[in-house]
Amino acid sequence: MFSPTAIPKFLAVAWLLPLLGFAVEIFAGRWQRDRKDRTAAGLAVACIATGFVCSALALFTWGIHTGWAALAPSAHGEGHHGESHSAAHDAGHDEHAKADDHGHDAEHAKAESNDEAHADHAITGPLTGTFYTLARFGSLQLSIDFYIDSLTLVMFTMVTFIATCIHLFATGYMSEELTDDYVDHQVHTRNGGHFHRPGRFYRFFAFLSLFCFSMLGLVIAGNIFMVFVFWELVGVCSYFLIGFYVERKSASTAANKAFIMNRVGDFGFLIGLMVLWTYFGTFSFGAYNPEATGYGIASGLKVEAPHEGEEAAPTVATGLFGMARGSDGQLRIDQDVDGVATVVMTQADDTDLLDAEGNHRMIPYVLLTIAGLGIFAGCIGKSAQFPLQTWLPDAMEGPTPVSALVHSATMVAAGVYLAARFYPMFTHEVLLTIAYIGCITAFVAATIAIVATDIKKVLAYSTISQLGYMMLGIGVGGWGAGLFHLITHAFFKSLMFLASGSVIYGCHHEQEMPKMGGLWRKMPITAFTMLAGVIAIAGLAIPGTPIAFSGFHSKDAIVANALAFTYANPSHFLLFVVPLVTAGITAFYMFRLWFYTFAGKPRDHHVYDHCHESPRVMTTPLIVLAVLAAGCAIGGEEGPLYKLITFSQPAGVDAMDPPPAVAQTTLPGHEAVHAVHSQAGMYALIAAFLGTGIAWLVYGKGVLDPADVKRQLSSLHTFLSEKWQFDTLYDVMFVRPVHVVSSWCTAFDRVVIDGFLHFLSRLTIKVAHVDRRFDEGVVDGFVNLMADSTYSVGRSFRVLQTGKLRQYVMFIAVSVVFLFVLVFAFFPRGSSTSAPEADVKVSSRVVPRPEVNRD
Amino acid sequence: MAGVDLTAYLLVGAVLFVCGIVCMATKRNGIGVLMGVELVLNGANVNFVAFSRYTSLGLDGQMMSLFVIVLAAAEAAIALAIALNFYNNHQTIDVDRGSELQG
Amino acid sequence: MNGAALFWFFAAVTCAGAVAVVVSQNVVRMAVWLIVALGGAAGLFFQLSADFVGATQLLIYVGGTIVLLIFGVMLTASGPYLRIKTSPGEGFLAAGVGLLFVLVLMSTVLTIDWNAGRLKLAGLGKVSADAYETALHKEGLSESDRTLLEQAYQPSAKADHAAEPAPKSGPAVAENPEAADSHGSAPKPGDVHSVPAALAYELNPGRRLTSAEAARLAALFGQEKAVVASAMPAQGDTIRPLGLALAGLRPDRDLNKVHAKAATTPGYLLPFEIVSVHLLVVLIGAAYLARTKRRRVEAS
Amino acid sequence: MDPLTLLTAIIFLPAAGALALVAFDRKAEETMRYFALAITAATFMLTLFLWREFDSAKSEMQLVVNLPWIRQWNVNYYLGVDGISMPLILLTSLICLLSMMASWSIKKQVQGYLMLFLILETGILGVFLSLDFFLFYVFWEVMLLPMYFLIGIWGGPRKEYAAIKFFLYTLAGGVLMLIALLMFYFNSGRSFDLLHLAAIGQGKVEGFAFNPTVQIIAFILLFIGFAIKLPAFPVHTWLPDAHVEAPTPISMILAGILLKLGGYGIIRIAFPLCPFGAQYAAYALVLIGAVSIIYGAFAAMAQTDFKRLVAYSSVSHMGYVLLGMAVWKINEANGAAVGRDYWLMGMNGAMFQMLAHGISSAGMFFMVGVIYDRVHHRDLNKFGGLMQLMPDYSGLAVGIFFAGLGLPGLCGFIGEIFVVLSTWNYSKTLAIVAASGVILTAGYILWTIQRVYLGPEYKGPHAEDITPMNGREKAIAWTLLIFAIVLGVYPEMMFKVMRSSMDALIVSLDAGYQAVSAAVETAQK
């Protein structure tokens, strides 16, 4: 039905529609006077839902043209088909958007043509090509490319799907903004009242659309530069969305914090980019050759054609991945003359890449590591990893749908996505760093989540913790496991956020869990969908049966990889122990949240009494997401989702040999992971049940009074609730020094540079004054001056000028004597160094002692 | 001529010179001052002639002393004229009285 | 011996006269003592074989100037002002200053080695190699003399007539000349002409000589009198040379060939004329001044 | 239209307009404003026409006019455009048009203001169009005086100080340039022809050469002169004062165009005429650029005066220009450029950064001016809540500020990222230093936005005067924002104008350096 060339087109439509939506919404919102108009929301939902349909279409087209190879080996094609289909259908049925019918039809049409098309157009590698060239300098080219493999498609589908759900949910959640007089209870004006403002419904959806555009651009990106571009754009959308309540100081501060912290990470990203750019001369992930593969979309959307008489833009024969690693996925380490380990770049056919002079192109191993660390620094910022994790909890200042979409499911996961996407460029050192960072993050965030009382903050810390898990998974070689967790997490975490949003909405913006309790009676749908999410994230399963929620499978995969890694590298045992402990903590705090909020007795009757279940437009997405949170990972590592993801796994990812020169760690192979799988699963399950049990005992049964524990461990509690003092630390270490330095700079300008200038100018003025005096004294009144000075000199000598002849004589005599003495004192031997001149004069040779002639 | 050489003459010249200076410095009588001047000039003359004799100065020294003598004579004439005038004006030749020109 | 005694006599007369002039309080006595002093000076001039200058001294000073002065004394000497005494303080001050002055002058006179340079004058500025070698290898030459010879002379840098004094000495070369073979006879001052130029030695400008050393060197070269030789003849009779000098001819310079080029100079005639006219004017002026009427009445 | 008419018209139309203004009645202020606006608009049209006539594919000078002016000194009326000056000419006429629109806020001595403004525009366009060094210098100095008066008469409270500071700084730079000019003149057989001088400097002319010493000295002189204009640390302190005191439209011109003259001078004169000197000083240039970036950002962060903050941000942003130009790495063995494409990219990035900064900083100053016209203060701590009171204004301002911040999709990003990416090839350390600017820039811009636009309510005086933007203001702000977006999304629009000339420039500089250094080595042997 659709040729492979349609895939980029579908995705491009899905990608660009939200941008169009943004443009229309932002202007329409300004122009339309009716604040109660929901058109903006409708448009946004329509755009993103169409986007979902398009990406689903693209996924199917891709599936057809690969002959569902991804699902072939162990599972039957049907399994995936059904699964993915159900997701699509769920979305299609549930959403209220106008795009529904169209998407439905298109899907059917595609499904019909499925069988006939799959034989001839086999897609083997990723689809690559260029949409648009930003600029070109000689052989260097910066462009907007695409790189489409199964991961891209899965991400696309996931993002558009969740975004559609959240858009729908937001239509309800943000309906309070549909007014001309929105009262913000959190902001107090100077005259003591609450802050009033017109509603900003349209603006919210505009930014949400812009975010979707940016996020999709990030996913489809075919080169790391484009990733950076959209990386920044999602950052700024996040900034706008966190700071949606611009009146709230906390919101704008949190927005700033988020952006700046991300920029800190981007600083590393930029360094990584510079290294790659300088050594590889390209940013492209993969090889692409538009002409050969006939992806017309590239030329169709490409604006820039080569100039007359200029060489055609060189087609990048090999992308970064191909240059860095051979087709077997191994780095080719070589020692150059200085004994420095370098990575020799290769071409697609595994021959060495040569530069114009015929030299081997290579990059020092250290620099490749730095590049990897730099890129990963970007991921740290975006995915709120240690040590840049502190912005994410603050980002909860944004409306809850934003938290659900941006700060749990998509943007923050982009860091993990990039780490996975960029996997082939990472050296073992980088991977180890990723693993440890993930490990630390997972643990730190989980501990803080135990003591958090704000329902959204708990979820935020849990997000950080889970992102740490994903990073850990990628770092220990569990490429598929990390991404698997990314997808499952996206579902259950967005579900939980939406559920919490529902709670907040129902409780009239009450977010403190201690004021809730027993809410399940009032809002059963929310409570039970939330429970589905909690079970999923806790990783619970019924042992011995295939019945398990999605989180179990994905976490299980990560733990298995970590265990295998630990077996391979025993010195890094923490990489297994800490996640395991964290898994227990996760189960504990998630159930704590659920028990706190929904179970037990109401603690604050005011809140409880006014509480109500959310409208259907909000609960429907909850139900859809709950189903997916429970079942998206069906089959675990044998299931369709995992297989689909790992289909685009980089070559040799699970058995990358350690570089001989720099061997530090060994990545476990697939078999090794498989061998420990059941063992790891058991550990994880035990930890999860342990955590759940404790939570149930403490918060469900009330065996232990939490307040009592809090008193017992007050210092620990304080430490945790102060978020490990990270904010204080950063304030002391960075914020204040920056302010100090900046005031120094200003002072330097004012005191040193300007001071010097002022000194110069004063000097000039002084000189000018002197000059003026000189003018007045010498030029204007030379005669007077002479007369005056003569007169004054004369006056000063008047005393001597007695007019007495004899005294003058005395003066003369005394002076002569004085001069003689002076001359003798200072020139005791005379100064007759001149050579005796012939005989015209008597030579005035002075001898030390006069000697009388003996004659 | 043991012990008599240029140095001895120069010493005599020095004595004459200094005597002249002291004379000029001590005598209040204008004529006395004039005499001091003569002594000074004579001291110089002695030196010139001695140089003429003992060094390669030759006739130049004598020639110079002749000039000095002649000038001294003229100077004496002028000085006397001044002295007379002074006397006419002041009824004395005490040079200390002639301080009208002081500043 | 005679000459020395005469010198001391005249010197004593001169100095005594001069001191007496200073010491005397009476103008007339001062004048007398001045005559004595000037006369003594004239004697010294004769002693210096400057007979013409001496004669002029007597004629003009003693005969003219003093008379003029005495006239002055007489014209102005009205009783009370004849003895105008200075205060004793002034006298002491003047005496002190005078003493200092004379000490300074004397030390200057005695410090300067007036004899230096006369080696050249005596023709010893540049000697032939023969003469030098002879002197150097003379029997019984003391070690200090040898050192003196070696240090005082250096081989001539320029191929030139040995008698011709080097117009300018070259840069100081302190190293000792190597002893060359001796060639026998002691040279006379006049002989230097015949010596080959290249074999000449000249005074080393880097080595300052005292007058004693100069005399010693002269003795070593066999010139007992050379060191005190002067451009002027030892006898009187300077009228003719002076007259010639006025006209521009310099017999003193011609005498010892030192100033062959400077033997004829423009002479002193023109300066003398100018001075004469000047003097005339001055004398007229003086006469005019002296003639001026007394203004005392008008002034008072 | 033949080149002579066209180029002369572009340069002297504003001056003619200034002359014509004399004829107006002093009281007819509104008429004069519209007249002056028409003149700038006509100039803008002419430059657009020039763009149409311009052939991007050619690398050499186009539309060349060469008439003798002062024969005795071999001074010519020598004009032309190439890919380097073309974008800047467009920028100039555009910003002049917009700031003329912004000049409605000028209330006193309108006639004089408009005349000086138009003369200033003549000077700037003249500088960009001249190919004769003497002519260049004349126009350079022509610019100076109107600017002095525009700041000194229509400025803020400390206008005299600022004007004199500006004047002295620029004059000092001009004098250094004059010395260099004379050095070239007398070392080249009395020529002011920039192209000829460049050929000599690159060792292409038989019989003439600027030896390395001359090149280094001349380069340093020229560089200091241009760095003052740029402005680069540590000769930047005139900028904050001048900007703060200057009236809004003049700040726009100052930041939008005048600073570019420094960069243009370096790229048009300093580099081509003394490639050896340029290469010799390359590290210093990159260092100064990097330091300016960081220093300007830090200094901006400490400001409480809105305009001062924007002024320091200019120092920071113009640092990228310097950085990008000088990333000229050579192979020590043979003098050939290493990674020439990266240098080309840096150069292009620097040029683009000039354009981008021209748009964004003019926009930022305009935005400051808009609010200043209403509340008459610029204390950052006394703003807040403008998002509520002036939503359009705030939205546009945030957009323009983000352009300054270097957000992808807006013009600032392209220049900065291209420059930074090209830097690693030259120096790792300085590349890292320059890249760290992104954090600081985000810091001060976001903090500013927070303090001015966000928050619940306005904290300063004259709250009652805060009225929405009028149509004229909106038009200016929208134009700038649209240009920021267009350049950010479609940078090729300007890159394609520059490309041929830039390629040729890089090639000739590279060859020129090799020629000169080869000559030096031969001489040493």
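Predicted, not measured: the structure shown is a model, and the values here were computed from it.

Each value, and the rule that gives it
- Residues numbered from 1 in each chain as written.
- Chains lettered and ligands numbered in written order.
- Predicted model: local features only at pLDDT ≥ 70, side-chain atom pairs only at ≥ 80, totals over all residues.
- Heavy atoms only, no water.
- Helix = DSSP H or I, 4+ residues; strand = E, 2+ residues; numbered from the N terminus.
- Buried < 20%, exposed > 50% of the residue type's maximum accessible area, 1.4 Å probe, protein only.
- Contact = heavy atoms within 4.5 Å.
- Areas by Shrake-Rupley, 256 points an atom, 1.4 Å probe, with all protein chains shown as cover.
- Phe/Tyr/Trp six-rings, centres within 6.5 Å; stacked < 30°, edge-to-face > 60°.
- Core = buried A, V, L, I, M, F, W, Y, C linked by side-chain atoms within 4.5 Å.
- Axes fitted to C-alpha atoms, helices over the stretch in contact; angles between N-to-C directions.
- Parallel < 35°, antiparallel > 145°, perpendicular 65-115°, else oblique.
- Left-handed = near helix turned anticlockwise from the far one by under 90°.
- Pairing = 2+ DSSP bridges.
- Buried area = accessible area lost by both parts, 1.4 Å probe.
- Polar contact = N/O pair within 3.5 Å; in protein donor to acceptor, adjacent residues only side chain to side chain.
- Patch = residues over 30% accessible without salt bridge, like charges linked within 9 Å, V, L, I, M, F, W, Y side chains within 5 Å.
- Salt bridge = Lys/Arg side-chain N within 4 Å of Asp/Glu carboxyl O.

Q: Can you lay out the overall build of chain B for me, pointing to particular residues and giving the numbers?
A: Within chain B, the regular secondary structure consists of three helices and zero strands. Starting at the N terminus, the α and β elements of chain B follow one another as α-α-α. The proportion of buried residues among the 103 residues of chain B is 76%. Here the analysis covers contacts within chain B between residues at least 6 apart in sequence; of these, 54% occur between residues at least 24 apart. If you sum the accessible surface of chain B, you get close to 2700 Å²; carbon and sulfur atoms cover 69% of it.

Q: An account of the overall build of chain C is requested, with residue identities and associated values reported.
A: When you go through chain C residue by residue, the secondary structure sums to twelve helices and three strands. For chain C, buried positions account for 43% of its 300 residues. Sequence separation of at least 24 residues holds for 70% of the intrachain contacts in chain C that already meet a minimum separation of 6. As displayed, chain C has an accessible area near 15600 Å², and 66% of this comes from carbon and sulfur atoms.

Q: Describe in detail the packing of aromatic side chains, supporting the description with residues and values.
A: Residues and elements named next belong to chain A. Summed over all chains, the structure comprises 87 aromatic pairs over all chains. When the ring of Phe 443 is compared with that of Trp 724, the centres are 6.4 Å apart and the planes differ by 90°; the resulting orientation is edge-to-face. A residue pair is termed long-range when its members are at least 10 positions apart, and Phe 443 in helix α16 (residues 428-451) and Trp 724 in the loop between α27 (714-721) and α28 (726-780) qualify at 281 residues. The exposure class assigned to Trp 724 is partly exposed, which follows from its relative accessible area of 25%. A centroid spacing of 5.3 Å and a plane angle of 40° characterise the contact between Phe 719 and Trp 724, whose relative ring orientation is tilted. Judged by relative accessible area, which is 33%, Phe 719 ranks as partly exposed.

Q: Can you explain the environment of C:Glu202? Please cite residues and give values.
A: Residue and element names in this part refer to chain C. For Glu 202, the position within the fold is in strand β3 (residues 200-203). We classify Glu 202 as buried; its relative accessible area is 8%. The spatial distance from the C-alpha of Glu 202 to the C-alpha of Ala 129 is 9.5 Å, given a sequence separation of 73 residues.

Q: Tell me about the nonpolar core, residues and numbers included.
A: Formed by 486 residues in total, the largest nonpolar core has its most connected members in A:Ile224, D:Phe133, D:Phe271, D:Met367, D:Phe402 and D:Tyr453. Those residues in contact with D:Phe271 that lie beyond four places of it in its chain are D:Phe219, D:Ile266, D:Ala278, D:Leu285, D:Met325, D:Ala326, D:Trp328, D:Trp343, D:Met347 and D:Leu509. One finds B:Ile21, B:Ile93, C:Leu38 and C:Leu69 within the second-largest nonpolar core, a separate group that totals 80 residues.

Q: Give a detailed account of the environment of A:Leu704, specifying residues and quantitative values.
A: Residue and element names in this part refer to chain A. Relative to the helices and strands, Leu 704 is located in the loop between α25 (670-701) and α26 (706-712). Along the chain, Leu 704 and Val 821 lie 117 residues apart, while their C-alpha atoms are 111 Å from each other. Not counting residues up to four positions away in its chain, the partners in contact with Leu 704 are Leu 697, Val 698 and Val 709.

Q: Let's hear about the packing of α16(A) against α27(A): which residues, and what values?
A: Residue and element names in this part refer to chain A. At a closest axis distance of 8 Å, the pairing of α16 and α27 adopts a crossing angle of 115°. Between α16 and α27, the crossing angle belongs to the class labelled roughly perpendicular. Every pair of crossing elements has a handedness; the one defined by α16 and α27 is left-handed. When α16 is examined against α27, the residues Thr 447, Ile 448 and Val 451 are found in contact with a partner set consisting of His 717, Leu 720 and Ser 721.

Q: Give me the pairing of strand β2 (residues 75-81) of chain D: which residues, what numbers.
A: All names here are of chain D. Where burial is concerned, most of β2 is hidden: seven out of the seven residues are buried. The two faces of β2 match: Val 75, Tyr 77, Leu 79 and Val 81 on one face and Asn 76, Tyr 78 and Gly 80 on the other face are all buried. Note: strand β1 (residues 62-70) against β2, six bridges, orientation antiparallel. From the neighbouring strand, Leu 67 faces β2, where its bridge partner is Tyr 77. Here β1 hands over to β2 after four residues, with Asn 74 in that stretch at a positive phi of 65°.

Q: Give a description of the interface of chain B and chain C that names residues and reports values.
A: Taken together, the 74 residues of chain B in the interface contact 85 residues of chain C. Summing the contributions of chain B and of chain C, the shared interface buries around 7300 Å²; its carbon and sulfur component is 77%. For the chain B face of the interface with chain C, the top three residues by lost area are B:Met35, B:Arg53 and B:Leu59, together amounting to 10%. Between the two partners, chain B and chain C, sit four residue pairs in polar contact (both at pLDDT 80 or more).

Q: With reference to specific residues and values, describe the side chain of D:Thr40.
A: All names here are of chain D. Among the secondary structure elements, Thr 40 is positioned in helix α2 (residues 29-53). A distance of 2.8 Å separates a polar atom in the side chain of Thr 40 from the backbone oxygen of Leu 37. In contact with Thr 40, other than residues within four places in its own chain, are Cys 96, Leu 97, Met 100, Phe 117, Leu 118 and Glu 121.

Q: Break down a nonpolar patch on the surface for me, citing the residues and quoting the values.
A: Residue and element names in this part refer to chain A. A surface patch of nonpolar side chains, amounting to about 690 Å² of accessible area, comprises Trp 696, Leu 697, Val 703, Leu 704, Val 709, Leu 713, Leu 716 and Phe 719. Those elements giving two or more residues to the nonpolar patch turn out to be α25 and α27. If you trace the backbone, Trp 696 turns up in helix α25. Using a relative accessible area of 43% as the deciding quantity, one classes Trp 696 as partly exposed.

Q: I'd like a description of the sheet that holds strand β6 (residues 341-344) of chain A, backed by residues and values.
A: Residue and element names in this part refer to chain A. Taken in spatial order, the three strands line up as β5-β6-β7 in an open sheet, and their pairing is antiparallel. The open sheet has two free edges, formed respectively by β5 (333-335) and β7 (362-364), since each of these has just one partner strand. Taking each pair of neighbouring strands and ignoring which way they run, the sheet shows an average axis angle of 40°. Pairing of β6 with β7 involves three bridges; the strand directions are antiparallel.

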